[in-house]
Amino acid sequence: MPANRMSIRFKIRRQDAPGSPSYWQEFAIPYAPDHNVISALMVVQNNPVTTDGQRVAPVVWDRNCMEEVCGSCAMLINGVPRPSCSALIDSLTQPIVLEPLPKFPVVRDLLVDRSRIDEGLRRVRAWIEIDGAWDTHEGAPRISPIEWSANYLYSRCMSCGCCLSACPQFGPHSAFIGPAALAQVRLMNAHPTGRYDQAERLHAIMGDGGISDCGNAQNCVRVCPKAIPLTTAIGELGRQTTVQAVKDLFGG
Amino acid sequence: MSHPAADSRFLLRRLHSLLGLLPIGIFLTFHLWENSQSRFGAGHYNGEVVAFLRGMNYLPVLEIVVIALPLLFHAGYGLVVATQMRAELTRYRFARNWLYWLQRVSGIGILIFLLLHVGMTRIEGLWRVSVREDLFGHMQHLLSQSWMFGLYLTGLLLSVFHLANGLSTMGIVWGLTTSARAQRRFGFVCAGFGLLLATIGVHGLIGFLP
Ligand code: SF4
Ligand code: SF4
Ligand code: FES
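Remember, predicted model here, so these are calculated numbers, not experimental data. (Residues numbered from 1 in each chain as written. Chains lettered and ligands numbered in written order. Predicted model: local features only at pLDDT ≥ 70, side-chain atom pairs only at ≥ 80, totals over all residues. Heavy atoms only, no water.)

1. Some details on the nonpolar core
All names here are of chain A. One finds L182 and I205 to be the most contacted residues of the largest nonpolar core, which totals 43 residues. Listed by contribution, the elements that provide at least two residues to this core are α4 (162-166), α5 (179-190), α6 (198-205), α7 (219-223) and α8 (230-250). The element that contributes the greatest number of residues to this core is α5, accounting for 7 residues. A domain split of this core shows at least three residues from each of domain 1 (3-112) and domain 2 (115-130 + 143-250). Those residues within four positions of L182 in sequence are excluded, and the remaining contacts are F176, I177, I205, I211, I234 and L237. (Core = buried A, V, L, I, M, F, W, Y, C linked by side-chain atoms within 4.5 Å. Buried < 20%, exposed > 50% of the residue type's maximum accessible area, 1.4 Å probe, protein only. Helix = DSSP H or I, 4+ residues; strand = E, 2+ residues; numbered from the N terminus. Domains from an automatic or database assignment. Contact = heavy atoms within 4.5 Å.)

As structure tokens, this is what we get:
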């Protein structure tokens, strides 16, 4: 049996509190097939003893759905930002190096504060206004199946933040809202009812930290676990903001 | 419904993008095409090419408004844009990530090259009659030194890369190319344009050599 079939080894970057220095610890658990990073971390949690035999505080991380739809479990796994529940141990080289998701403030160990994602969504009004003083529409608005299937791609975003952590323009140093919120603007602007607020959303992304902070490195689309066509959204929003800017300057 | 107008930063960034092509990109293309006539020798170069340019109507105004000011703005705002970069080239080894980094680094390289290049030709020519009267000879003298040839070659290739890659990302920024396939296709078109322009440019440099 190869060595990595006998045990599962982790090298984890730990941090006790926000702002405190980080340090590394290694753990090993007996091999079992079909583990993912979270289920293996649960085994570590049962008996948090490092490979040097030291009993330590259990490792803290975040997770919820365990089926790659909630986005809460994203972390840096062997240097790549990705959801840990869908990172299968059998496909990873060992020792598996776990680090908190970059660009976001660490709360503790592998748990980060991702509220900046929500702030971005709020800033761009990534929702559809349905309650007003009058009916916004009658009956179910119709869209073509082609449009629907294009829109569907964007609706799968789970706000995991992988795209943001890979983006060279996003981080504590910049006000950039990042690709995830931009893709939601693309989605909401295409909705038959959401269209009414298109100009407001476009103005939001034409502001500070908006679409013009994108540098087209296109890392985002490469790391997104839901294969969301982020750079297509950015191109389409480039077109929409061009038209919007012409309207702003010349009227109409 | 009140729509606050677009943030001035958005407009500045778009202006920065536009100026890179119009007039700067067009000027670079024209400049390289023109200098590729160096292969016809000193007589043609000094007597036709330089003489035509120097006889242009409103020349100083054109030089300042069409070339110097747009370049200064593009360079200055470009430096601001470059400070936003936090590239991790080894972690994300994707071609576009490298191009993103190279675009910013080449911009800084071009700025240094242009200060030297303009200083050695246009500015020096203001007080040295020999530079003005025999630009071909002056260029031949400069480019005959191998380090100077290397400097010009580097400056040329960086500029052509910056224009070609800038053109391909302009497609995304302005919304000409949206789908991944269109962005890829246009990327190849820009690469082809860059190669052609680089060839013309190198041809021009070689034409000055004795
Ligand atoms: S776009 Fe993709 S990577 Fe980004 S937050 Fe949404 S699901 Fe995650
Ligand atoms: S294309 Fe590049 S700069 Fe733009 S959002 Fe994606 S990763 Fe960030
Ligand atoms: S736990 Fe929900 S995406 Fe991993």
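That was the structure; now back to the text.
2. A closer look at the layout of surface pockets
Picture a little ball the size of a water molecule; that probe, rolled over the atoms, points out where space is still empty. Considered as a void within the structure, the second largest pocket measures approximately 600 Å³ in volume. As for the second largest pocket, its lining consists of 25 residues, of which R96, L99, Q183, R184 and G187 of chain B are closest to the centre. Elements represented by at least two residues in the lining of the second largest pocket include exactly α7 and α8 of chain A together with α4 (95-127), α7 (146-173) and α8 (180-207) of chain B. Element by element, the count of residues in the lining of the second largest pocket is highest for α8 of chain B, at 10 residues. By residue class, the composition of the lining of the second largest pocket is 14 nonpolar, 8 polar and 3 charged. (1 Å grid on protein atoms, 1.4 Å probe; cavity = no way out; pocket = protein on both sides within 12 Å on 5 of 7 lines; lining within 4 Å. Points joined across faces, edges and corners; volume = space filled by probe spheres on them. Nonpolar A, V, L, I, M, F, W, Y, C, P; charged D, E, K, R; others polar.)

3. Concerning the environment of P30 of chain A
Residue and element names in this part refer to chain A. With respect to the helices, strands and loops of the structure, P30 is situated in strand β2 (residues 22-30). Classification of P30 by relative accessible area gives exposed; the value is 61%. P30 sits 10 residues away from A40 along the chain, and the two C-alpha atoms are 9.6 Å apart.

4. Some points on the packing of aromatic side chains
Counted by the stated rule, this structure contains 10 aromatic pairs over all chains. Ring geometry for F104 of chain A versus F170 of chain A: centroids 5.7 Å apart, planes at 45°, classification tilted. Here the residue F104 of chain A occupies a position in the loop between β5 (96-99) and β6 (106-108), and F170 of chain A occupies one in the loop between α4 and α5, the gap between them amounting to 66 residues. Side by side, F104 of chain A and F170 of chain A carry an identical accessibility label, which is buried. Within the aromatic cluster, the residues linked to one another by ring pairs are Y45, F136 and F208 of chain B. In this structure, K11 of chain A is placed above the aromatic ring of W24 of chain A, and the distance from its NZ or CZ to the ring centre is 4.6 Å. It is R14 of chain B that lies over the ring of W174 of chain B; its NZ or CZ is 4.8 Å from the centre. (Phe/Tyr/Trp six-rings, centres within 6.5 Å; stacked < 30°, edge-to-face > 60°. Lys NZ or Arg CZ within 6 Å of the ring centre and 35° of its normal.)

5. Considering the domain arrangement of chain A
One frequent convention defines the size of an interface as the accessible area lost when the parts assemble. Residue and element names in this part refer to chain A. Annotation of chain A at the domain level lists domain 1 (3-112) and domain 2 (115-130 + 143-250). Each of domain 1 and domain 2 has a C-alpha centre, and the two are 30 Å apart. Between domain 1 and domain 2, the contact holds 12 residues from the first and 18 residues from the second. Summing the contributions of domain 1 and of domain 2, the shared interface buries around 1,100 Å²; its carbon and sulfur component is 66%. Our count for the contact surface shared by domain 1 and domain 2 stands at 1 salt bridge. The partner of K226 in a salt bridge is E68, and the shortest N-O contact between them spans 3.8 Å. Seen at the junction of domain 1 and domain 2, the total is 4 residue pairs in polar contact (both at pLDDT 80 or more). When residues in the side of domain 1 that touches domain 2 are grouped by element, the largest group, 3 residues, is from strand β4 (residues 80-83). Grouping the constituent residues of the side of domain 1 that touches domain 2 by class yields 8 nonpolar, 1 polar and 3 charged. (Buried area = accessible area lost by both parts, 1.4 Å probe. Salt bridge = Lys/Arg side-chain N within 4 Å of Asp/Glu carboxyl O. Polar contact = N/O pair within 3.5 Å; in protein donor to acceptor, adjacent residues only side chain to side chain.)

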